[in-house]
Structure formats: C-alpha cells, structure tokens
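Given next are the chains, with one letter for each unit.
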Amino acid sequence: MNFFIIAVQTADSGSKMEIGEAAITAIIGYAVVFLGLILLMGLLYITGAIFAGKEKKATQIRQAETVQPAKTDIPVIPSAPGSAGHVKLHGVPDKEAAMIMAIVADKMQTPLNELHFISIKEVEK
C-alpha cells in the first residue's frame, strides 16, 4: 500500500482546530501535568515529614534511656589487698587476660599481686 495515501486520509479525517482552541488545549494539558507534579511533590514532603517525626521520636527515646541510667544497688567494692587496680582490655576476653597475667607472673617469677598491668591488647599479624 502507498503510505502517502494513508497519511492524507488520516489528516483529512480529523477535525480542524483553530489556533485559539489549540492554545487552550495545550494550556489545559500543561496545567494537568504541573498539577500532578505538585501533588506528587506534596505527597513526598508529607511522607518525609512522617519519617522524620518517627526518627526524631526514636532519637528522643534513645536519649532519654541513656540520660537516665538504670538504678542499681550494687555497692562499690574496694580492690583486694595487694591489687594493682583495673586493667583495660582491648579485644581480649577476661579468661584469656587472666591467663596472660598468670603466665607473665610465672615467667618473671614474681607474685601476681606485685605486678601492675595497665592494658592488654591482642596483636594480630
């Protein structure tokens, strides 16, 4: 078939619009598109405000929990006689730290209560 004939028949079958009608149709089309975009933008702002409110509330709850420490009735026990204070452990469980201190005291042939350990840190190769 000849495409030129189909194109001419299609062009003749439509209704003719004046320039004023075409302008009004274009303005209405643009208005609908922009109204849809404005509604979508408003929906996104509302959704963002809801999630921000939830995050703010969760942050306030976390801050309230950290500000008010749990009340405990555990008395402060003084260090044992001959104790050298506290040892800072960096990535080492208590059991391993105790074994390391015992091995060091044994190798140095010194009683454990005469040694002062400041910190114990695991060194990885």
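Below or above, wherever it landed, is the structure these notes cover. (Residues numbered from 1 in each chain as written. Predicted model: local features only at pLDDT ≥ 70, side-chain atom pairs only at ≥ 80, totals over all residues. Heavy atoms only, no water.)

A separate point is the overall build of the protein. When helices and strands are tallied, the protein shows 3 helices and 2 strands. Going from N to C terminus, the protein has its helices and strands arranged as α-α-β-α-β. Buried residues in the protein amount to 6% of all 125 residues. Long-range contacts, defined here as pairs at least 24 residues apart, represent 58% of the contacts in the protein between residues at least 6 apart. Accessible area of the protein: about 11700 Å², with a carbon and sulfur share of 67%. (Helix = DSSP H or I, 4+ residues; strand = E, 2+ residues; numbered from the N terminus. Buried < 20%, exposed > 50% of the residue type's maximum accessible area, 1.4 Å probe, protein only. Contact = heavy atoms within 4.5 Å. Areas by Shrake-Rupley, 256 points an atom, 1.4 Å probe, with all protein chains shown as cover.)

Attention now goes to the nonpolar core. Val92, Ala97, Met101, Ala105, Leu115, Phe117 and Ile120 together form the largest nonpolar core, which totals 7 residues. Among the elements that line this core, the one with the most residues is helix H3 (residues 94-108), at 3 residues. (Core = buried A, V, L, I, M, F, W, Y, C linked by side-chain atoms within 4.5 Å.)

On the surface, a nonpolar cluster with roughly 820 Å² of combined accessible area is contributed by Tyr30, Val33, Phe34, Leu37, Ile38, Met41 and Tyr45. Here Tyr30 shows up in helix H2 (residues 19-67). (Patch = residues over 30% accessible without salt bridge, like charges linked within 9 Å, V, L, I, M, F, W, Y side chains within 5 Å. Salt bridge = Lys/Arg side-chain N within 4 Å of Asp/Glu carboxyl O.)

Right, let's get into unusual backbone geometry. Positive phi, normally seen in glycine, also occurs at Gln109, with a value near 55 degrees. Note that Gln109 resides in the loop between H3 and strand S2 (119-121).

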